[in-house]
Amino acid sequence: MSTNEEKINLLGLTLPKMQAFFSELGEKPFRASQTLKWIHQRGVVEIDDMTDISKALREKMKAVAEIKLPLITQELRSNDGSCKWIVQVASGSSVEMVYIPEAGRGTLCVSSQAGCSLDCSFCATGKQGFNSNLTVAEVIGQLWWANQKLAGFGVKPAAEWDESGARVAQNPRPISNIVMMGMGEPLLNFDNVMDALSLMMEDQAYGLSKRRVTISTSGVVPAIDRLKDFTDASLAISLHAPNDELRSQIVPINKKYPIKELLRASSDYMSTLGERRVAVIEYTLIAGVNDHRQHARELAELLKNFPCKINLIPFNPFSLSDYKRPSSSSISNFRQILHEAGYTVTVRTTRADDIGAACGQLVGEVGDNTRRSQRYADAAAQRITVQ
Ligand code: SAH
Ligand code: SF4
């Protein structure tokens, strides 16, 4: 093993962990904020470029540490301004991250795992199975790269607007919002994701508002129960069905943690946040599966004591799936029923599907379509044998 592999990667250290690192070197804690700013705000990747740190200390740091970024292997830019990058991680797999520009904000959809073990029936990532957990550096490295790349394209920093439309703040970098909605289940890579969230919200690093950093989960209840001790980020629940029978068919983890427990854990977490913050319920609409008017009525009833907004996501097709996206009239009927029941409902517009970056299409391949089709065919064959 080369000495390099044994070095500490400073990119993945939270403020307290960076302070511990400097204290081990016999240095003052303020070195930690200095270093975080160099790496995350100024984008420095060489310890020698940290010019307000003495040469002697830099040598000491270099002997035991380095700044190591995940590798970007491909970049795709959509006609609608979205971008997708394929990121190679240490396990040898690749994951995807997607940038979605909207008026006044720039959202980055971040991956937490290569593949996913939970196998939701409508999700391309789930079809791959689980490959590996991303390290803290690989999660935060996505945000590091996206800010650098977008600044390089000339994308202006995202402004923040209040409800009346007045500009209240200027985010210093192009990304103002993070959604942990890329590949993987963030709560099954708990410790690394918590550290990465802490860097996202840390003033010495990215300083993003807790309201603008969202964890999306398909319902790992014991992990939701632990969340409040680690973060105050926003929460999105991937519900997708109004009753256990249907949910267990399309989101298998529901068999272990049914809806009632999921809503209980989520409400407990939301109540610790206070400040009138509400969870987002995500509901992928699949034609003929969960998009009936009766499902909408049942959903309205189910959520009546659960403070939330509802985000409807029309299913995005991919090659291994026979599911179909509902017609626009059925989407709007579903929306209307929830709206009339008093919910705030948004329908997610499909972005970036020209580059395969819409929700649920993320597979992290490196452009080798022959291998991809073969893997899909293999996976399809396996599923048929299993059933
Ligand atoms: N594992 C986490 C986060 C990643 S999935 C979770 O499940 O919440 C992010 C979102 O994309 C989820 O709401 C998921 O249900 C949705 N999604 C997955 N596949 C989709 C597809 N084919 N079409 C539309 N949305 C999809
Ligand atoms: Fe995993 Fe989320 Fe996809 Fe389900 S929807 S398989 S939890 S990534």
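Above this text is the structure in question.
Residues numbered from 1 in each chain as written. Chains lettered and ligands numbered in written order. Predicted model: local features only at pLDDT ≥ 70, side-chain atom pairs only at ≥ 80, totals over all residues. Heavy atoms only, no water.

S.K.: Could you give me a rundown of the pattern of salt bridges, with the residues and numbers involved?
M.R.: Pairing between side chains of opposite charge can happen when the charged atoms of each approach one another. For the structure on display, the rule yields 14 salt bridges. The partner of Lys62 in a salt bridge is Asp48, with the nearest N and O atoms 2.7 Å apart. One end of the pair, Lys62, is in helix H4 (residues 55-64); the other, Asp48, is in the loop between helix H3 (30-41) and H4, with 14 residues separating them in the sequence. Its relative accessible area of 24% is what places Lys62 among the partly exposed residues. Residues Glu301 and Lys304 are paired through a salt bridge, measuring 2.5 Å at the closest nitrogen-oxygen approach. In the salt-bridge network here, residues are joined through shared partners; they are Asp48, Lys55, Arg58, Glu59 and Lys62. (Salt bridge = Lys/Arg side-chain N within 4 Å of Asp/Glu carboxyl O. Helix = DSSP H or I, 4+ residues; strand = E, 2+ residues; numbered from the N terminus. Buried < 20%, exposed > 50% of the residue type's maximum accessible area, 1.4 Å probe, protein only.)

S.K.: Could you give an account of the nonpolar core, with specific residues and numbers?
M.R.: Counting residues in each nonpolar core, the largest one holds 108 residues, and the members touching the most others are Leu10, Met61, Leu108, Ile178, Leu197, Met200 and Leu303. Each of domain 1 (4-66) and domain 2 (71-386) accounts for three or more of the residues forming this core. Residue contacts for Leu10: discarding those within four places in its chain leaves Met18, Phe21, Thr35, Ile39, Ile47, Met61, Ala65, Glu66 and Ile67. (Core = buried A, V, L, I, M, F, W, Y, C linked by side-chain atoms within 4.5 Å. Domains from an automatic or database assignment. Contact = heavy atoms within 4.5 Å.)

S.K.: Residue-level account of the packing of helix H11 (residues 293-302) against helix H12 (residues 328-340), with values.
M.R.: The interhelical angle for the contact between H11 and H12, taken along N-to-C directions, is 25 degrees, at an axis separation of 9 Å. Relative to H12, H11 is oriented roughly parallel. At the point where H11 passes H12, the crossing takes the right-handed sense. Contacts from Arg293, His295, Ala296, Arg297, Leu299 and Ala300 in H11 reach Asn333, Phe334, Ile337 and Leu338 in H12. (Axes fitted to C-alpha atoms, helices over the stretch in contact; angles between N-to-C directions. Parallel < 35°, antiparallel > 145°, perpendicular 65-115°, else oblique. Left-handed = near helix turned anticlockwise from the far one by under 90°.)

S.K.: Just give me the short version of the side chain of His240, but keep the residues and values in it.
M.R.: Looking at where His240 falls in the secondary structure, it is placed in the loop between strand S13 (234-238) and helix H9 (244-250). Side-chain polar atoms of His240 contact the backbone nitrogen of Thr284, separated by 2.9 Å. In contact with His240, not counting residues within four places along its chain, are Phe122, Ile250, Val251, Glu282, Tyr283, Thr284 and Asn290. (Polar contact = N/O pair within 3.5 Å; in protein donor to acceptor, adjacent residues only side chain to side chain.)

S.K.: So what about the site of ligand 1? Which residues, and what values?
M.R.: Lining the immediate environment of ligand 1, one finds 22 residues, of which Phe122, Ser216, Ser238, His240 and Asn316 sit closest. Contacts to ligand 1 include Glu282, whose side-chain N or O atom sits 3.1 Å from an oxygen atom. Between ligand 1 and Asn316, the relevant distance is 2.9 Å, taken from a nitrogen atom to a main-chain nitrogen or oxygen of the residue. When the free accessible area of ligand 1 is taken as 530 Å², the share hidden by the protein chains comes to 95%. The set of elements that each furnish at least two residues to the shell around ligand 1 consists of strand S12 (213-217), strand S14 (279-285) and strand S15 (308-314). Within the shell around ligand 1, the residues separate by chemical class into 10 nonpolar, 10 polar and two charged. (Near = heavy atom within 4 Å. Areas by Shrake-Rupley, 256 points an atom, 1.4 Å probe, with all protein chains shown as cover. Nonpolar A, V, L, I, M, F, W, Y, C, P; charged D, E, K, R; others polar.)

S.K.: Could you give me a rundown of unusual backbone geometry, with the residues and numbers involved?
M.R.: Phi angles above zero are rare outside glycine, and Asp119 is one such case at about 55 degrees. Within the element layout of this structure, Asp119 appears in the loop between strand S7 (113-115) and helix H5 (124-127). On the basis of relative accessibility, which here comes to 31%, the residue Asp119 falls in the partly exposed class. Phi is positive for His240, close to 65 degrees, though the residue is something other than glycine. Accessibility expressed as a relative area gives 4% for His240, which makes it buried.

S.K.: I'd love a proper account of the sheet that holds S14, names of residues and values included.
M.R.: Pairing is mixed across the open sheet formed by 10 strands, whose spatial order is S3-S4-S5-S6-S11-S12-S13-S14-S15-S16. Looking at which strands have only one partner, the edges of the open sheet turn out to be strand S3 (71-77) and strand S16 (345-347). Averaged over all neighbouring strand pairs, the angle between strand axes comes to 20 degrees, with direction disregarded. Taken together, the three bridges between S15 and S16 define a ladder with parallel strand orientation. (Pairing = 2+ DSSP bridges.)

S.K.: Can you explain the pairing of S14? Please cite residues and give values.
M.R.: Of all seven residues that make up S14, six are buried, and the element is covered over most of its length. Here three bridges tie S13 to S14, and the two strands are oriented parallel to one another. If you follow Ile237 over to S14, its bridge partner there is Ile281. For the crossover that starts at S14, traverses H11 and ends in the parallel S15, the hand is right-handed. (Right-handed = clockwise from strand over helix to strand, strands pointing away.)

S.K.: Give me the site of ligand 2: which residues, what numbers.
M.R.: The immediate surroundings of ligand 2 are formed by Cys116, Leu118, Asp119, Cys120, Cys123, Gly126, Gly184, Glu185 and Ser218. When its residues are assigned to classes, the shell around ligand 2 shows four nonpolar, three polar and two charged.

S.K.: Residues and numbers for the packing of helix H6 (residues 136-152) against helix H7 (residues 190-201), please.
M.R.: Where H6 contacts H7, the axes come no closer than 8 Å and their chain directions differ by 35 degrees. In terms of crossing hand, the pair formed by H6 and H7 is right-handed. Across the interface between the two elements, Val136, Val139, Ile140 and Leu143 of H6 pack against Asn192, Asp195, Ala196, Leu199 and Met200 of H7. Partitioned by chemical class, the residues of the contact of H6 with H7 number seven nonpolar, one polar and one charged.

S.K.: Run through helix H10 (residues 259-273), naming residues and quoting values.
M.R.: Along its 15 residues, H10 runs 21 Å from first to last C-alpha, staying within 8% of the 21 Å computed at 1.5 Å per residue. Buried residues of H10: Ile259, Leu262, Leu263, Ala265, Ser266, Tyr269, Met270 and Leu273, and no others. In a view along the axis of H10, the buried residues occupy a sector of 165 degrees, so they form one face of it. Projecting away from the buried face of H10 at angles above 90 degrees are the exposed residues Lys260 and Ser271. Buried residues along H10 sit in contact with helix H8 (221-227), S13, H9, S14 and H11. Of the residues one or two after H10, Gly274 is the one with positive phi, at around 60 degrees. (Expected span 1.5 Å × (residues − 1). Arc of directions from axis to C-beta.)

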